[in-house]
Structure formats: C-alpha cells, structure tokens
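Coordinate inspection notes
Chain by chain, the residues:
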Amino acid sequence: MPRQIYLFATSKHPDAISSKSLEVRFLKPSIDFSKYDYLIITSKQTVKALEQYKKEEFIKIPSLCVSVKTAASYENFGGKILDIGDGYGDNLVKNIKEKSKDKKWLYLRAELIASDFVGRCQNDGYNIDEEILYVSECACEGMEVEVQDNPILIFTSPSSIECFLKTHIIGVDAKVVVIGKTTAKALPDGIEYKISEKTSIDSCMEMALTLQA
C-alpha cells in the first residue's frame, strides 16, 4: 500500500492530504512608497497584503522577487519585476549587490523571517528599509491532523515544522520532504530528509511521489 502524503502548507495539492499549517494575519503599516527605488518581495502572502494599499502608490516600482512563483504572482497582480532570485532569501544578497548603493530598497516581509540577507546588505552599505505586512500563526488544522503510520511529510517553511511539532513527533517510519535548505534547518537533529529540486509545492510533490513505494 502506497505511503500517504501529508502536505503542510498554505496551499493544497490533489495528491496529498493538505493541512493548512499557518493562518496569516495581514497588517497595514503606513508606507510612503514614493521614497523607494525598488521593492523586495519574498512570498505570495506579501502580494496579497499589498492589495490593502492603493495600487498606483507602488505598482510601478520594480520589485526583486525571491522566486519564479512569487514573481508570477506579482506580475499577475500587475507589478513590475526588477529581478528574480533562485528561491532562497540568503541568495538575494547577490541580486541586491548587482545594483547601485545609491538606490533605496523596501523589503515587505513577514514578522518572522528565516534569512538575514537584509542585515548583510545593510552592513555593506546598501540602503534597505523593512516593513512587516503579515504575521503567520499556527493553524489548528495542521496541528490536529491525524497522521497514519509510514507517512510522507512535506514541509514548506520552518514555521510549518515548528507548528507540526507542537502536537506531533516525526517518527522513524516517516519520510520527510522539505522545500529548501532553510526549512531543513528547522528539523530536529537526526531526521533524514530530501530537498525538492525547486522551491515549489509541485516540486515537493514530485519528490514525495518517488518515495511512495
């Protein structure tokens, strides 16, 4: 009998038992977008949060997006893309350092972030402000899901692991797939895992399906 796949994310997939791991609460700080040359966007949740603002205030500001998926979401919203990263926040340092230090950036972010790429760039003389647009909190759905024996567990963020571990353990019989290296760092010591080839849920599912036998 094939192993059951469990997906802990804010999105669903038809080939997995999808459990929402996080609830997102949007914030709306006052922002003067006219001060900035570039935006930094590292999630689709940021794009949703921007729906609270008048589009004309920011939509023409070129944006550095962390991944192809995030860029597609922002383009569909009508946004202008400056550059696209490889899916990892840490590696955005390279994209930022390709630009002039005279430019002013605004990083639109979650309350909790896994990468300190902004601090590294600021220490190098780059002018980057930050605004928190949303807060992620553990969802009951993800914490209360009943997990069968011999599962395949897919985690799509460090927070999805932290929330799961509030009410579950990762047993020795489990196979684990994570969306990237940053997420992998949140796993307990000694847990074996596979990293998806791309930082997307579809890529995680492709990896998980190879583990079902």
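Quick summary incoming for the structure in this document. (Residues numbered from 1 in each chain as written. Predicted model: local features only at pLDDT ≥ 70, side-chain atom pairs only at ≥ 80, totals over all residues. Heavy atoms only, no water.)

**So, the side chain of Ser-196**
Along the chain, Ser-196 falls in the loop between strand S11 (194–195) and helix H8 (201–210). Taking relative accessible area as the criterion, Ser-196 reaches 4% and is therefore assigned buried. A polar contact is formed between the side chain of Ser-196 and the backbone oxygen of Ile-179, at a distance of 3.4 Å. Within the structure, the side chain of Ser-196 is placed 2.7 Å from the backbone oxygen of Lys-198, a separation counted as a polar contact. (Helix = DSSP H or I, 4+ residues; strand = E, 2+ residues; numbered from the N terminus. Buried < 20%, exposed > 50% of the residue type's maximum accessible area, 1.4 Å probe, protein only. Polar contact = N/O pair within 3.5 Å; in protein donor to acceptor, adjacent residues only side chain to side chain.)

**Observations regarding helix H2 (residues 68–77)**
Every buried residue of H2 is listed here: Thr-70, Ala-71, Ser-73, Tyr-74 and Phe-77. Within H2, the buried residues cover an arc of 160° as seen down the axis, which keeps them to one side. Exposed and oriented more than 90 degrees from the buried face of H2 are Val-68 and Asn-76. Looking at the buried side of H2, the elements it contacts are strand S4 (38–41), helix H1 (44–50), strand S5 (63–65) and strand S6 (81–84). Once H2 ends, the next one or two residues include Gly-78, with phi positive near 105°. (Arc of directions from axis to C-beta. Contact = heavy atoms within 4.5 Å.)

**Observations concerning the pattern of salt bridges**
Under the criterion given, the structure shown has nine salt bridges. Note that Glu-141 and Lys-12 form a salt bridge whose closest N and O atoms lie 3.9 Å from each other. In this pair, Glu-141 is assigned in helix H5 (residues 140–144) and Lys-12 in the loop between strand S1 (5–9) and strand S2 (17–20), connecting sequence segments 129 residues apart. Looking at Lys-12, the relative accessible area reads 63%, which means it is exposed. (Salt bridge = Lys/Arg side-chain N within 4 Å of Asp/Glu carboxyl O.)

**Quick word on unusual backbone geometry**
At Asn-150, a residue that is not glycine, the phi angle is positive and equals roughly 55°. Here Asn-150 lies in the loop between H5 and strand S9 (152–155). Judged by relative accessible area, which is 38%, Asn-150 ranks as partly exposed.

**Focus: the sheet that holds S11**
Strand pairing in a sheet takes place through backbone hydrogen bonds and is either antiparallel or parallel in direction. A sheet is described by the order of its strands in space; here five strands give the open sequence S2-S1-S9-S10-S11, paired in parallel fashion. Edge strands, defined here as strands with exactly one partner in the open sheet, are S2 and S11. Note that strand S10 (residues 175–178) and S11 share two bridges and pair parallel. Of the residues in S11, the one forming a bridge with Val-177 is Lys-194. Sheet contacts for H8: S1, S9, S10 and S11; angle to S1, the most-contacted strand, approximately 160°. (Pairing = 2+ DSSP bridges. Axes fitted to C-alpha atoms, helices over the stretch in contact; angles between N-to-C directions.)

This is a description of form; function is not addressed.
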